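# Working through the structure, step by step
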Amino acid sequence: MASPPAGTYRRWVTEPETIDITDIAFGGKAVGRLADGRVCFVPDALPSERVRVRVVRETKRFVEAQLDRVSEASPRRVKPPCPYFGKCGGCSYQHAAHDLQLEIKTNQVREVLRRLGGIEAPPVQPAVASPLPYGYRNRITVHRIGGRIGFHRRDGAGLVDIEVCLLASDAVNAGLMELRRERWREGARTLREHNERFGFHQTNDAVAALLLDAVENACGDGGGSLIDAYCGDGFFANRLAAKFERATGIEWNERSVAQARTRAAANESYIEGDVSERLGEVLAGIDPARATVILDPPSQGVDARVLDLLTANRVARILYVSCNPATLARDIKGLSGTYRLAAATPFDMFPQTAEVEVLAELAPVS
Ligand SMILES: C[S@@+](CC[C@H](N)C(=O)[O-])C[C@H]1O[C@@H](n2cnc3c(N)ncnc32)[C@H](O)[C@@H]1O
């Protein structure tokens, strides 16, 4: 089920109505139907629950509601441990047992690959769990507005003042405590556990290590060339270079490229630039039929020019790491004449939140 689309709403609060929850949409809202047949999106409910809701916004086809009461609770409902849960915009699933969160995310990835990717039976593996369901974040960004320091509220009405974030590691929470004692002007501040890092760094170290292992496995025996597009500081290329004759990273963040070069092996090089402008020259200098391409773009996905280049140059495999299943599905569809989805594995990089990371393995169509 897709998230509620943006549109013109009538805004009101109605008398409560009881509905049965059948699904969870991307973004974390539960889905049921009102007696009049319209789809109803409501936060903090779970599949198989019967809940009482109050409609707060409506269109002809769907409504958005507030949870009034859980009449019949799921056996997989748990007590959210965080006092800010429900108000804070960061978490969506603290009320769901961790294994249920994994099922929800796996189903969502399968559904989006079917709906937006045009794949009838997507080969989606069960989600790989985060070893730490809490305390996993090695960085958080907090905001200051007026006297408050914290995260944006779920309802968009300013900030929730946060003393501790249960998703953050102890080191990051210690930084938050210090920051609260400092005087700083309004704005955003990122607190990092890994202070030495520049540019992008994976948020959940334990899941990042599992993802790296999975990418390495998917490379098989390697050989030929590796292209690590959107490579950051060379997280994938640096580990995998030994499996290939040569490895080339492409990244437009100057400091990330500089960092990657400091530990590069002899067969490992980095190009500073836009992937859509530089990928062509890299492909022209290698044998595409013996090449592995890693794509790890930001949430917008890859540029159409990148898809065109990969269509014109059939590579041995594409390993697409995505933090946005919707743009992943769009891009897989864009490559579908030349490549097929061989496997997709969700990674639980952000437990308790509505976010999910996916590794998609694409092979040339035979
Ligand atoms: C999701 S991060 C992945 C980084 C790296 N693969 C890792 O795992 O640490 C995406 C990276 O792509 C870079 N980036 C975004 N758009 C780009 C573009 N058009 N060309 C080159 N790099 C880009 C960002 O600076 C960022 O480092």
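About the cut-offs
- Residues numbered from 1 in each chain as written.
- Predicted model: local features only at pLDDT ≥ 70, side-chain atom pairs only at ≥ 80, totals over all residues.
- Heavy atoms only, no water.
- Helix = DSSP H or I, 4+ residues; strand = E, 2+ residues; numbered from the N terminus.
- Rg over C-alpha atoms; globule rule 2.2 N^0.38 Å.
- Buried < 20%, exposed > 50% of the residue type's maximum accessible area, 1.4 Å probe, protein only.
- Contact = heavy atoms within 4.5 Å.
- Areas by Shrake-Rupley, 256 points an atom, 1.4 Å probe, with all protein chains shown as cover.
- Lys, Arg positive; Asp, Glu negative; His and termini not counted.
- Charge placed at Lys NZ, Arg CZ, Asp CG, Glu CD.
- Pairing = 2+ DSSP bridges.
- Axes fitted to C-alpha atoms, helices over the stretch in contact; angles between N-to-C directions.
- Expected span 1.5 Å × (residues − 1).
- Salt bridge = Lys/Arg side-chain N within 4 Å of Asp/Glu carboxyl O.
- Parallel < 35°, antiparallel > 145°, perpendicular 65-115°, else oblique.
- Left-handed = near helix turned anticlockwise from the far one by under 90°.

### Observations regarding the overall build of the chain
A tally of regular secondary structure across the chain gives 8 helices and 17 strands. The C-alpha atoms of the chain give a radius of gyration of 22 Å, which matches the 21 Å a tight globule of 366 residues would have. Principal axes of the C-alpha set define a box for the chain whose edges measure 65 × 55 × 35 Å. Buried residues in the chain amount to 48% of all 366 residues. Of the contacts made within the chain by residues no fewer than 6 positions apart, 62% connect residues no fewer than 24 positions apart. Looking at the chain as shown, the accessible area adds up to about 17,000 Å², and 49% of this sits on carbon and sulfur atoms. The positive charge centre, built from 47 side chains, and the negative charge centre, built from 47, are 5 Å apart in the chain.

### Regarding the sheet that holds strand 12 (residues 246-251)
Judged by pairing direction, the sheet is mixed, and its 7 strands sit side by side in the order 13-12-11-14-15-17-16 without closing on themselves. Both outer strands of the open sheet, strand 13 (268-272) and strand 16 (339-347), are each paired with one neighbouring strand and no more. Strand-to-strand twist across the sheet, computed as the mean angle between neighbouring axes with direction ignored, equals 15°. Against the sheet, helix 6 (residues 275-284) engages strand 11 (225-229), strand 12 and strand 13, with an angle of about 160° to strand 12.

### Side note on helix 3 (residues 205-218)
In this model helix 3 runs 20 Å from its N-terminal to its C-terminal C-alpha over 14 residues, within 8% of the 20 Å that 1.5 Å per residue would give. For helix 3, the elements touching its buried residues are helix 4 (235-240), strand 14 (291-295), strand 15 (317-322), strand 16 and strand 17 (357-364).

### Side note on the pattern of salt bridges
Throughout the structure, instances matching the rule amount to 23 salt bridges. Close ionic contact of Asp20 with Arg50 constitutes a salt bridge, the shortest N to O distance being 2.7 Å. Here Asp20 is found in strand 2 (residues 17-24), whereas its partner Arg50 is found in strand 5 (residues 50-58), with 30 residues between them in sequence. Across the pair Glu182 and Arg189 runs a salt bridge, and its minimum N-O distance is 3.1 Å. Judged by its relative accessible area of 32%, Arg189 is partly exposed. Residues joined in a network through salt bridges with shared partners are Lys29, Arg57 and Glu64.

### Some thoughts on the side chain of Asp296
With respect to the helices, strands and loops of the structure, Asp296 is situated in the loop between strand 14 and helix 7 (304-312). Of the side chains bearing the opposite charge, Arg139 lies closest to the buried Asp296, which forms no salt bridge; the N-O distance is 11 Å. In contact with Asp296, not counting residues within four places along its chain, are Gln202, Ala229, Tyr230, Phe236, Val321 and Glu357.

### Observations regarding the packing of helix 6 against helix 7
The geometry of helix 6 relative to helix 7 is characterised by a closest axis approach of 8 Å and an angle of 15° between their N-to-C directions. With respect to helix 7, the axis of helix 6 lies roughly parallel. Considering only the axes of helix 6 and helix 7, their crossing is left-handed. Where helix 6 approaches helix 7, its residues Val275, Ser276, Glu277, Leu279, Gly280 and Leu283 are matched on the opposing element by Arg305, Val306, Leu309 and Leu310.

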